[in-house]
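Residue-level listing of the chains:
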Amino acid sequence: LRVKSKADLIEVRLDCLSNLTKSNSSKIIKEIISKKPSPIIMTCRKHAEGGKFQGTEEERIKILKDCINLNADYIDVELSSGKDVIDNLIQKKGKTKIIVSYHNFKLVPENLNQIYDDIKSTNYDIIKIACMANSLKDNLIILDLIKKAKEEEIDIIAICMGEKGEISRILNLAYGSFLTFGFLDKSKESAPGQVSCEHLRYVYRADKLDANTRIYGLIGNPVSKSKGFIVHNLSFK
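Residues numbered from 1 in each chain as written. Predicted model: local features only at pLDDT ≥ 70, side-chain atom pairs only at ≥ 80, totals over all residues. Heavy atoms only, no water.

**Q** Describe the sheet that holds strand 3 (residues 74-78), listing the residues and the values that go with them.
**A** Spatially, 1-2-3-4-5-6 is the arrangement adopted by the 6 strands of the open sheet, whose pairing is parallel. Single-partner strands in this sheet number two, and they are strand 1 (10-13) and strand 6 (156-161). When the angles between neighbouring strand axes are averaged without regard to direction, this sheet yields 25 degrees. Pairing between strand 4 (residues 97-104) and strand 5 (residues 126-132): 6 bridges, direction parallel. Each bridged residue has a counterpart across the sheet, and for Y102 the counterpart in strand 5 is I129. (Pairing = 2+ DSSP bridges. Helix = DSSP H or I, 4+ residues; strand = E, 2+ residues; numbered from the N terminus. Axes fitted to C-alpha atoms, helices over the stretch in contact; angles between N-to-C directions.)

Now the structure itself:
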């Protein structure tokens, strides 16, 4: 119920469940789906892209297939899983929508547009790209990619990670990102730079951001200690 009041969609990180095994995955997934308060994205993130799954790649893909068989709303599969794996999941997807994703925890790569095109070449439903920001300018690259996708009428989730990427986690919605990610409880962030669901909804009014949103900036040092963003956004509201 706490999640339902703060988020429209929930991501479940199956790779973070210590009790998940090859033999009981179907049972656990079925229980999660049966109790969902909102649509859910089922993710079993591979270790190379920031995940915690300790099993084999075959076991990980089997878990994603279980999610499809049990009618998950969305599953997330990495582009690096390979074309054959992605094609096989898409052929079996039924009503489940497939998010084909790319994660880079070091930087925004120079070949970002090529990665975007590689995902486009799959029979995806939604593209997801998440990269580490090493400068504030990296946010502009990601926001420009969202604009490009929207012009091509493509559903995309695109964000920068890390402290310098926090801006993109809020403004991507104004540019047309399919969604953004927030954490429910402190210290439970699934990636660096996430903003709390509470701040996203009640301070930044994330569910109301669009192309007409006017953007104001706060400059300070150390700006992270300022409470101005709370005061100003409440005033704007």
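Next, the rest of the story.
**Q** Before we move on, could you go through the pairing of strand 5 and cite the residues and values that matter?
**A** For strand 5, a buried count of 7 out of 7 residues is recorded, marking the element as mostly surrounded by other parts of the structure. For the segment spanning strand 4, helix 5 (residues 112-120) and strand 5, crossover handedness is right-handed. Handedness of the strand 5-helix 6 (residues 137-151)-strand 6 crossover: right-handed. (Buried < 20%, exposed > 50% of the residue type's maximum accessible area, 1.4 Å probe, protein only. Right-handed = clockwise from strand over helix to strand, strands pointing away.)

**Q** For the pairing of strand 4, give the residues involved together with the corresponding values.
**A** Counting buried positions along strand 4 gives 7 out of 8 residues, so the element sits mostly inside the fold. Both strand 3 and strand 4 contribute to a ladder of 5 bridges, which runs parallel. Looking at strand 4, one finds that D76 is bridged to I99. A crossover connection joins strand 3 to the parallel strand 4 through helix 4 (residues 83-91); in handedness this β-α-β unit is right-handed.

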